[in-house]
Each structure stands twice: as C-alpha cells, then as structure tokens.
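# Chain and residue survey
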Amino acid sequence: LEEATGDFWVDFNIPVLETSNSLVFFKHAYSRYHPCIIQKGLIEDWKALECWNEKYLCEKLGDKKVSVNLTREGRADSVQYIESEGKECFIYPAEVKMTISDFFDCLNDRQPGVVPYLSQQNDNLRSEFSELLEDVNLDIQLAADVFESGIPEAANLWIGDERSVSSIHKDHYENFYAVISGAKTFTLLPPTDAAFLPERTFETIRYRACDESNPAGSLQLTKEGCPSQSLSWIPLDPDDPNVCEKFPKFARTHPLRCTVYPGEVLYIPAMWYHRVSQIQPTIAVNFWYDQRFDFRYAFYSTVQQLKDE
C-alpha cells in the first residue's frame, strides 16, 4: 500500500492549474482523486479580493455580533495534554459572540492567553455574514460541471493569524478553499495513509468564557457543554519535526505541502487528510460540496477496517 500510493498515485508536488476549465480539472485532479491549486478562472472577479480588509468588514457589519472561537494557544479541535486531567484530551474552543470590530481588536492586541479565530464551520458565510455575499460568487461553474451539485452544502468564512492551527483531519466533502488575503499553508495526506496514522478515542474538554463582558480574558477549561463526551481523533502533528520519533509509522505516509495565496483556490478531495495554518493574518472562504459515496469511500473504508483489525 505504501509503495503503490507513492509510485502510482500521489505526486511529489501538488499540480497547479492555470485554468478553471472543467475538462482540465477533471483530468488532472478529480478523476485522479488528487488535490490541485487553481490559479485562474474561479475567483479573480470577486469584489472581496479588492475590499475585504479590517476597515471594510467593520463598516459593513457594524454592531452585528458574530460567532468567534477562542482558545489559549490557537489549537482548537485538537488533542492536547491537559495538566489538570493528567492525560491527553480532545479540546473544543469557546464559542462566543462579539462584533467584528471587537474580534479584530482581540486579534491585533495579541493578548497573552487568548487567540481568537473566526472559524465556524456551519455555513457561517450565509448564516452570519449575508452582508458580504454580494462580494463573492457562490455559483461556481466548475463545481456544477464536476460535482453532484454546483450549490455548496456550506460556505465558511475564516479569519485568523499565524497562531491558529487546524489539526490534521478529514472531511466528507469536496472542498474548494479560496484565499482572499494573506496566505494559507496546507499539509495534505491521501486517504490510504490512514493505515499509518494513529487514531484513538479521547475524552473531550472545552474552553468556556466565564465573563460575558470580557470573554477573551476569562477562558477556563470545563467538561460541561461538550458536543460529545469522547471523540476519535489523530493526535499527531505532521509538521512536528520530531513526528517520526513519536509515531514511527508516520515515516510511511505521503505528505504534500503547499501555500495558497490571494486569488488562488485549493481543491481538497473528500477524505484527504489536511492540516491548515496561516503564515500571516489571513482571510479565506471555503466551499463544501456533498461527497459522492462511490468506490473512493469503499476504498478508504476498507483501508480503515484492515488497519483496525
């Protein structure tokens, strides 16, 4: 499996397409079940590329309160050692409401012990930021040509800086990830690498903002209010320079790394593992499209089942 993945499937680098032509995309990415970066043809006409900055967003959204995630170190939805518990736990962020102006103040102040990240994965661009929809185009023709539906299941807005990291995970969606400003860095692994990734069940814990008038300065850990009492997750960081010492099987994986810049769109196929970070303050939007449950899902499920046995 390790050799076949490297020899016949996963490239050394992520292909870069200079067109959004559906046949080119199908040939170089979708039919190969492989990520790619689309540099031209998808979002260069978006108004968001010209105007989405702190001043514009604050003027556009005014006093409206939006959902923001808070953590102490920027590592939400990840496995961390919790000293008070004496073990590793999966940690959820605190979810608070604040104005976009207060969010940027918190982001820019860089107050010790709190990292804000606008990262709700619940279709927040449509549900909470409808004022911004005129600046983007949700009807991407490439998606309509290739996926089951051209209408995204979810459209999510992301705003954060280099302190925030999304731990390695997979999604059961086809994913178009568009960078508006700044830069996003991705580490991606194919679904076959599930055979070499340690996935275990962890108890959950979450951050809670104890003072509603000062949520950023009142974070505490609690087991109350977690979406679930336990969760299966991968506890490693593929960008940790010592990852192979801690998890020797990781040496058999096939990580791909890339940085996506403004105007570019990264295609992440459903069930490809990915870790995401920013190298500077960054604004991005991603679109999730329903996964087609075909031979790809059957293939991944078989690998996972053989690994578990």
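Now for a description of the structure that goes with this document. Small disclaimer: the values here were computed from a predicted structure and weren't measured. (Residues numbered from 1 in each chain as written. Predicted model: local features only at pLDDT ≥ 70, side-chain atom pairs only at ≥ 80, totals over all residues. Heavy atoms only, no water.)

## Side note on the sheet that holds strand S17 (residues 273-278)
Sheet strands associate in pairs through backbone hydrogen bonding, adopting either a parallel or an antiparallel arrangement. Put simply, the test is: For two strands to count as paired, DSSP must find a minimum of two bridges between them. What counts as a helix is a DSSP run of H or I of at least four residues, what counts as a strand is a run of E of at least two, and both are numbered from the N terminus. Note on geometry: axes are lines fitted to C-alpha atoms, helical ones only across the stretch in contact, with angles between N-to-C directions running from 0 to 180 degrees.
Judged by pairing direction, the sheet is antiparallel, and its four strands sit side by side in the order S9-S17-S11-S15 without closing on themselves. Looking at which strands have only one partner, the edges of the open sheet turn out to be strand S9 (165-169) and strand S15 (256-260). Neighbour to neighbour, the strand axes of the sheet diverge by 15 degrees on average, direction disregarded. Where strand S11 (residues 184-189) lies against S15, five bridges are found, and the strand directions are antiparallel. Looking at the pairing, Thr185 lines up with Thr259 of S15.

## Looking at the side chain of Glu174
The cut-off we apply is this: Only protein chains enter the area calculation, which uses a 1.4 Å probe; residues under 20% of their type maximum are buried, those over 50% are exposed, and those in between are partly exposed. Just so you know, the count uses Lys and Arg for positive and Asp and Glu for negative, and it drops His and the chain ends. The salt bridge definition used is simple: a Lys or Arg side-chain nitrogen within 4 Å of an Asp or Glu carboxyl oxygen. Distance and chemistry together define a polar contact, namely a pair of N or O atoms within 3.5 Å, with one atom able to donate a hydrogen and the other to accept it when in protein, and with adjacent residues in sequence counting only for side-chain atoms on both sides. Note on definitions: a residue-residue contact is assigned when non-hydrogen atoms from the two residues lie within 4.5 Å.
In this fold, Glu174 is placed in strand S10 (residues 173-181). Of the buried charged residues, Glu174 lacks a salt bridge, with Arg296 as the closest side chain of opposite charge at 5.0 Å. For Glu174, the side chain forms a polar contact with the side chain of Tyr267, separated by 2.7 Å. Engagement of the side chain of Glu174 in a polar contact is seen with the backbone nitrogen of Ala270, the distance being 3.4 Å. Once residues within four sequence positions are removed from consideration, Glu174 is found in contact with Tyr30, Phe147, Tyr267, Ile268, Pro269, Ala270, Phe287, Trp288, Tyr289 and Asp290.

## Some points on the sheet that holds strand S18 (residues 282-290)
Read across the open sheet, the six strands follow the order S1-S2-S16-S10-S18-S8; overall the sheet is mixed. Each edge of the open sheet carries a strand with a single partner, namely strand S1 (16-17) and strand S8 (154-160). Two strands pair when backbone bridges link them, and S1 and strand S2 (residues 36-38) are joined in this way by two bridges, in the parallel orientation. Bridge pairing in S2 places Leu17 opposite Ile38.

## A few points about the pattern of salt bridges
It is possible for side chains bearing opposite charge to pair when their charged atoms get close. Enumeration according to the criterion identifies 19 salt bridges in this entry. Across the pair Lys87 and Glu203 runs a salt bridge whose closest N-O atoms are separated by 2.8 Å. Of the two residues, Lys87 sits in strand S5 (residues 87-92) while Glu203 sits in strand S12 (residues 200-209), which places them 116 residues apart along the sequence. Here Asp161 and Arg163 are joined by a salt bridge, their closest N and O atoms 2.8 Å apart.

## Brief notes about the pairing of S10
Within S10, seven of the nine residues are buried, which leaves the element mostly enclosed by the surrounding structure. Alignment of S10 against strand S16 (residues 265-268), held across four bridges, turns out to be antiparallel. Residue pairing in the sheet places Ala178 in a bridge with Val265 of S16.

## A look at the state of the cysteines
Operational definition: The disulfide definition used here is simple: a pair of cysteine sulfur atoms within 2.5 Å.
The tally for this structure, following the rule as stated, stands at zero disulfides. Of all cysteine sulfurs, the one in Cys58 lies closest to Cys51, which takes part in no disulfide; the gap is 13 Å.

## What about the pairing of S8?
A large share of S8 lies buried, amounting to seven of its seven residues. A two-sided burial pattern is seen for S8, the buried positions comprising Ala154, Asn156, Trp158 and Gly160 on one face and Ala155, Leu157 and Ile159 on the other.

## Things to note about the packing of helix H4 (residues 54-61) against helix H5 (residues 100-109)
Packed helices, taken two at a time, are described by the angle their axes make and the gap between the axes. The following threshold applies: Throughout, the term roughly parallel applies to angles under 35 degrees, roughly antiparallel to angles over 145, roughly perpendicular to angles from 65 to 115, and oblique to all others. Only Asp, Glu, Lys and Arg are considered charged in this grouping, and only Ala, Val, Leu, Ile, Met, Phe, Trp, Tyr, Cys and Pro are considered nonpolar; every other residue, Gly among them, is considered polar.
Where H4 meets H5, the axes come as close as 9 Å, and the angle between the chain directions of the two elements is 150 degrees. With respect to each other, H4 and H5 are oriented roughly antiparallel. For the pair formed by H4 and H5, the contact residues are Glu54, Leu57, Cys58 and Leu61 on the first element and Ile100, Ser101, Phe104 and Asn108 on the second. Of the residues belonging to the contact of H4 with H5, the class tally is five nonpolar, two polar and one charged.

## Observations concerning unusual backbone geometry
Despite not being glycine, Tyr33 has its phi angle at roughly 55 degrees, a positive value. Mapping Tyr33 onto the fold places it in the loop between helix H2 (22-30) and S2.

## Brief notes about the nonpolar core
Under the convention used in this document: In plain words, nonpolar cores are sets of buried Ala, Val, Leu, Ile, Met, Phe, Trp, Tyr and Cys residues tied together by side-chain atoms within 4.5 Å.
Counting 57 residues, the largest nonpolar core has Phe25, Trp52, Leu125, Leu157 and Phe176 as the members making the most contacts within it. Counting residues per element, this core draws most heavily on H5, at five residues. Every residue in contact with Trp52, bar those within four places of it in the chain, is listed here: Leu57, Leu125, Leu132, Asp135, Val136, Leu157, Ile180, Ser181, Ile283 and Val285. The next biggest cluster of nonpolar side chains, apart from the first, holds 33 residues, and it includes Val179, Phe186, Leu188 and Phe196.

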